[in-house]
Amino acid sequence: MGAQMETLILTAAWEPVGRVGWERAMTLWLAGRAEVVEVYEDRRVRTVSVHFEVPSVLRFVRGLRPQTKRRPSFSRANVYARDEGRCQYCGRRVPRHDATFDHVVPRGRGGKTGWDNIVIACLPCNRVKACRTPDEAGMALLAAPRRPHVLPRAPMMVTWEKGMPLTWRQYLRDTRYWGARLEQDG
Ligand SMILES: [Zn+2]
């Protein structure tokens, strides 16, 4: 049983939020706060009376409290969270892999990359709007974009690295893309 054996922790919304030692993971699970999603197939913990598999991925049963301690960083994941996964033009729910990021005022017209000028949009709306302002395109925003003080969910904190347990792979796919800090203009 290597001391380095760790468990990946997911939020109730399946976002990777941290990694802890397996003993801590067992405590969360035994307290009923998290469920086992994946186990280390080849490892078992044996005590006098029982032996059980070691969790490699755990998922919190209930949602985490919104983040309040620090201001959310400007990342795709956080813009997506702020917009609650809805296209800000038509209001449709957009799965993360289909979401596009729209400059409300296009870059070519002096629009900045930042919290107050980036929203998520579905592909059809993004194509229709193209390089126009919302006024020109006749497309109203659901709400004026702002920097959020808190986010409805914890952002992704863990990204895939070589050498991590393979059972983590599918939960960490795309996290580098989604969790990356974005350059803000001005
Ligand atoms: Zn749309």
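Numbering of residues begins from 1 in every chain and follows the order in which that chain's sequence is written. Residue-level local features of this predicted model are given only where pLDDT is at least 70; pairs of side-chain atoms are given and counted only at 80 or more, and the full residue set underlies all totals for whole chains, interfaces and linings. Excluding hydrogens and water, the side-chain values take into account all heavy atoms of the structure.

**Side note on helix α1 (residues 22-30)**
Quick reminder of the rule: Categorising residues by exposure relies on relative accessible area from a 1.4 Å probe, with only protein chains included: less than 20% of the type maximum marks a residue as buried, more than 50% marks it as exposed, and the intermediate range marks it as partly exposed. Only runs of H or I of at least four residues qualify as helices and only runs of E of at least two qualify as strands under DSSP, and these elements are numbered from the N terminus. To be clear, the arc concerns the directions from the helix axis to the C-beta atoms.
Listed as buried for α1 are Trp22, Ala25, Met26 and Leu28. An end-on view of α1 places all buried positions within 160 degrees of arc, on one side of the element. Just downstream of α1, Gly32 is the residue with a positive phi angle, here 80 degrees.

**Regarding the coordination of the zinc ion**
As a reminder of what qualifies: For Na, K and Ca the donor cutoff is 3.2 Å, while for all other metals N, O and S atoms must lie within 2.8 Å; water is not among the atoms, so some sites may look incomplete.
Binding of the zinc ion to the protein goes through Cys87 (SG), Cys90 (SG), Cys122 (SG) and Cys125 (SG), at separations of 2.3 Å. Considered as a linear motif, the donors of the zinc ion on their single chain read C-x2-C-x31-C-x2-C. Residue Cys90 is located in the loop between α2 (76-82) and β5 (100-103), and its partner Cys125 is located in helix α3 (residues 123-129); the two are separated by 35 residues in the primary sequence. On the accessibility criterion, Cys90 (41% relative accessible area) is partly exposed. For Cys125, a relative accessible area of 12% puts it in the buried group.

**Observations regarding a nonpolar patch on the surface**
We count it as follows: Each patch is built from residues lacking any salt bridge and having more than 30% relative accessible area; the joining distance is 9 Å for like charges and 5 Å for nonpolar side chains (Val, Leu, Ile, Met, Phe, Trp, Tyr). Computed with a 1.4 Å probe, the accessible areas rest on the Shrake-Rupley method; for each residue, only the protein chains presented here act as cover. Salt bridges are identified by distance alone: a Lys or Arg side-chain nitrogen within 4 Å of an Asp or Glu carboxyl oxygen.
Residues Trp29, Leu30 and Val36 make up a contiguous nonpolar surface patch of roughly 290 Å² in combined accessible area. Looking at the secondary structure, you find Trp29 in helix α1. With a relative accessible area of 36%, Trp29 lands in the partly exposed category.

**Observations regarding the nonpolar core**
Selection rule: For our purposes a nonpolar core is just a set of buried Ala, Val, Leu, Ile, Met, Phe, Trp, Tyr and Cys residues, chained together by side-chain atoms within 4.5 Å. Any two residues whose heavy atoms approach within 4.5 Å at even a single point are treated as in contact.
Core analysis: the biggest nonpolar cluster contains 19 residues, and Val79, Cys87, Tyr89 and Cys125 have the highest contact counts within it. Elements with a minimum of two residues in this core: α2 and β6 (118-121). Element by element, the count of residues in this core is highest for β6, at 4 residues. Contacts of Val79, omitting those with residues within four sequence positions, involve Phe74, Phe101, Trp115, Ile118, Val119 and Ile120. The next biggest cluster of nonpolar side chains, apart from the first, holds 14 residues, and it includes Met5, Leu8, Leu10 and Val57.

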